[in-house]
Amino acid sequence: MKLFYLPHNSATPSVNRQLTFDVAKGVAVLLMIMIHVLDFYGLDEVRFSTFGIAIKFAIGWPAASMFVFIMGVFVGFSTSSTPREEIKRALSLFVLGYLLNLVRGTIPMWLSLELGLVTYQDVAPHTPLSELLIGDVLQFAGISLLICSSLKHATNKIYIWLGAATAIAFLSHSVWDKYTSLTIFDELLKLFVGNEEVGAIFPIFPWAAYPIAGMAFGRFLKRRSDCDAINFTNCLKLGAVCTTLGVLLTLSNPDYHIVTNLRSGPGVVLLMTGIVMLFIFAIHLFVARFKATYVVSLFAFWGKNVTAIYVLQWICIGWGLMLVGLQQLSMLSTLAAMLIVLLISHYLVLPWYNYKNRTIGATPEPCSSRKATRVKLESATQ
């Protein structure tokens, strides 16, 4: 008996392009769960151990970059989705981000305060309201999808898209932490120029550079390939070039290019883009070698349901804090919590998967219709 049950109708798809990116998203969401559990449950000696630092920086940074880069790749693949469809999807992600804040943070914190589990001094400087106003990856994904959609429908020239990504990366330092005296406007502005301290986890500057670059990369792959075949050697070549240039650029001025793991200069943006492409190539090799195996099918299942799993794991972590407290677990307990959160998220997503399958019906043939393109776009941001 396998630990993670997979529905019979979640069989591995036949298109390697889709499977490679689905598996990559599945790996990314697994790494995100590990990072989130470590940050919220692990004691200081766990979070700042060799293991904790490796998870946080060596794995966490590329995982988030990969997630949003692949979102852009699917936007680049799509050629027939309408602006209306993309705007609707973007707004849905944006609103979902704040609904998640309410359920994972505001309500559990409020209940903890009301029940006397914690005091306002214990949670300071955070409050139920500040938890609601956090700008996390779903808000970022919604705004970025609007930006990518606008660029895609404005021009088909890949070099203009790359120019926009480059401009965002290089302008970031000059716009960070620039606010007005209007509180309400600044709450929106922080999603573009803020930092973690003010509740902006993934500010548009510089993070939007990743999905825009991903969109250019996806269109590049589509133009050079037929419907069902992609030469993933391009990932290796471009990834090696971007990684090398990113390292050289970063070393030219480390303080300017590194900053923090959530706000970085253009050198690190280029470096992470290269690492993501190299990782996608490695995933392609893994999929090609183990395509028909349970492990590939499991990662692909997580990748195809990445939004639902992302939401569920945060709800588990947020409500779990009422049981175990903030940053109270030892190494062994933290590892156990990672597995428990993953298991709960996996089994809670199964009813959603079955409902979605009944609603959508049979999966359309790839590249055969406008509906197929839409499904691919949706799966990129799920």
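These numbers come from a predicted model, not from an experiment. (Residues numbered from 1 in each chain as written. Predicted model: local features only at pLDDT ≥ 70, side-chain atom pairs only at ≥ 80, totals over all residues. Heavy atoms only, no water.)

Draft legend 1. Expanded view of the overall build of the protein chain. A tally of helices and strands in the protein chain yields 18 helices and zero strands. Relative to a compact globule of 382 residues, whose C-alpha radius of gyration would be 21 Å, the protein chain shows 20 Å and is just as compact. Put simply, 82% of the contacts in the protein chain that link residues at least 6 apart link residues at least 24 apart. Carbon and sulfur atoms provide 68% of the accessible area of the protein chain, an area that totals close to 17400 Å². Of note, the protein chain has its 28 positive side-chain charges centred 15 Å away from the centre of its 20 negative side-chain charges. (Helix = DSSP H or I, 4+ residues; strand = E, 2+ residues; numbered from the N terminus. Rg over C-alpha atoms; globule rule 2.2 N^0.38 Å. Contact = heavy atoms within 4.5 Å. Areas by Shrake-Rupley, 256 points an atom, 1.4 Å probe, with all protein chains shown as cover. Lys, Arg positive; Asp, Glu negative; His and termini not counted. Charge placed at Lys NZ, Arg CZ, Asp CG, Glu CD.)

Draft legend 2. Broad picture of the nonpolar core. If you look at the biggest cluster of nonpolar residues, it comprises 106 residues, and the most contacted ones within it are Phe21, Val23, Trp207 and Trp302. Looking at this core element by element, the count peaks at 15 residues for helix H1 (residues 16-41). Setting aside residues up to four positions removed in sequence, valine 23 forms contacts with Ile283, Val287, Val296, Phe299 and Ala300. (Core = buried A, V, L, I, M, F, W, Y, C linked by side-chain atoms within 4.5 Å. Buried < 20%, exposed > 50% of the residue type's maximum accessible area, 1.4 Å probe, protein only.)

Draft legend 3. Broad picture of the packing of aromatic side chains. Taken as a whole and assessed by the stated rule, the structure comprises 15 aromatic pairs. Aromatic side chains phenylalanine 94 and tyrosine 98 sit 5.3 Å apart centroid to centroid with 70° between the ring planes, which places their arrangement in the edge-to-face category. Here phenylalanine 94 and its partner tyrosine 98 are both found in helix H4 (residues 83-114), four residues apart, which amounts to about one turn of the helix. Take tyrosine 98: its relative accessible area is 21%, and that puts it in the partly exposed class. Every member of this aromatic cluster is reached through a ring pair, and the members are Phe21, Phe74, Phe77 and Phe232. When the ring centre of tryptophan 314 is taken as reference, the NZ or CZ atom of arginine 104 above it lies at 4.4 Å. (Phe/Tyr/Trp six-rings, centres within 6.5 Å; stacked < 30°, edge-to-face > 60°. Lys NZ or Arg CZ within 6 Å of the ring centre and 35° of its normal.)

Draft legend 4. Here's a closer look at the pattern of salt bridges. A complete count under the given rule lists seven salt bridges for this structure. Between lysine 56 and aspartate 39 there is a salt bridge, with its nearest N and O atoms 2.7 Å apart. One end of the pair, lysine 56, is in helix H3 (residues 50-77); the other, aspartate 39, is in helix H1, with 17 residues separating them in the sequence. Lysine 56 gets classed as partly exposed once you look at its relative accessible area, which sits at 22%. Aspartate 39 sits in the partly exposed class, given a relative accessible area of 22%. With a closest N to O distance of 3.1 Å, aspartate 136 and arginine 104 form a salt bridge. (Salt bridge = Lys/Arg side-chain N within 4 Å of Asp/Glu carboxyl O.)

Draft legend 5. Quick peek at the packing of helix H8 (residues 158-175) against helix H11 (residues 209-223). Across the interface, H8 lies against H11 with an axial gap of 8 Å and an inter-helix angle of 160°. With respect to H11, the axis of H8 lies roughly antiparallel. In this structure, H8 meets H11 at a crossing whose hand is left-handed. Mapping the contact onto sequence places Ile158, Trp161, Leu162, Ala164, Ala165, Ile168 and Ala169 in H8 and Ala209, Ile212, Ala213, Met215, Ala216, Arg219, Phe220 and Arg223 in H11. (Axes fitted to C-alpha atoms, helices over the stretch in contact; angles between N-to-C directions. Parallel < 35°, antiparallel > 145°, perpendicular 65-115°, else oblique. Left-handed = near helix turned anticlockwise from the far one by under 90°.)

Draft legend 6. Geometry of helix H7 (residues 137-154). Compared with the 26 Å implied by 1.5 Å per residue over 18 residues, the 25 Å span of H7 between its first and last C-alpha is a close match. Judged by how many residues are buried, H7 sits mostly within the fold: 13 of 18 residues are covered. (Expected span 1.5 Å × (residues − 1).)

Draft legend 7. Fine view of a nonpolar patch on the surface. Nonpolar side chains collect at one region of the surface, where Val95, Leu99, Leu102, Val103, Ile107 and Trp319 lie side by side and expose about 450 Å² of accessible area between them. Examining the composition of the nonpolar patch, we find that five residues originate from one element, H4, more than from any other. Note that leucine 99 resides in helix H4. (Patch = residues over 30% accessible without salt bridge, like charges linked within 9 Å, V, L, I, M, F, W, Y side chains within 5 Å.)

Draft legend 8. Examining the packing of H3 against H7 more closely. At a minimum axis separation of 11 Å, H3 and H7 run at an interaxial angle of 30°. Between H3 and H7, the angle is such that the two are roughly parallel. Pair H3 / H7 crosses with right-handed handedness. Contacts between H3 and H7 involve Phe67, Val68, Met71 and Val75 from the first element and Val137, Phe140, Ala141, Ser144, Leu145, Cys148 and Lys152 from the second.

Draft legend 9. Structural view of the environment of leucine 91. Mapped onto the elements of the fold, leucine 91 is located in helix H4. Since its relative accessible area comes to 47%, leucine 91 is described here as partly exposed.

Draft legend 10. Seen up close, H8. For H8, spanning 18 residues, the distance from its first C-alpha to its last is 25 Å, which sits close to the expected 26 Å at 1.5 Å a residue. Of all the positions in H8, only Ile158, Trp161, Ala165, Ile168, Ala169 and Ser172 are classed as buried. Backbone geometry just after H8 places aspartate 177 at a positive phi near 60°.

Draft legend 11. Geometry of unusual backbone geometry. At the junction of alanine 124 and proline 125, the peptide bond is cis and its omega measures out at 5° in the coordinates. Topologically, proline 125 is positioned in the loop between helix H5 (120-123) and helix H6 (128-132). For the peptide bond that leads from phenylalanine 205 to proline 206, omega is 15°, which places it in the cis range. Looking at the secondary structure, you find proline 206 in helix H10 (residues 204-207). The backbone of aspartate 177 shows a phi angle near 60°, a positive value even though the residue is not glycine.

Draft legend 12. How the structure looks around the confidence of the model for the protein chain. In the predicted model, the protein chain carries a mean pLDDT of 88, and 90% of its residues have values of at least 70. Long-range and interchain partners of residues 362-382, a stretch whose pLDDT sits below 50, account for 49 contacts in this model, where long-range means more than four residues apart. (pLDDT = per-residue confidence, 0-100.)

Draft legend 13. Structural detail: the side chain of lysine 190. Position of lysine 190 among the secondary structure elements: in helix H9 (residues 183-193). Residue classification places lysine 190 among the buried positions, given a relative accessible area of 5%. At 3.2 Å, the side chain of lysine 190 and the backbone oxygen of valine 198 are in polar contact. Setting aside residues up to four positions removed in sequence, lysine 190 forms contacts with Leu133, Tyr179, Val198, Gly199 and Ala200. (Polar contact = N/O pair within 3.5 Å; in protein donor to acceptor, adjacent residues only side chain to side chain.)

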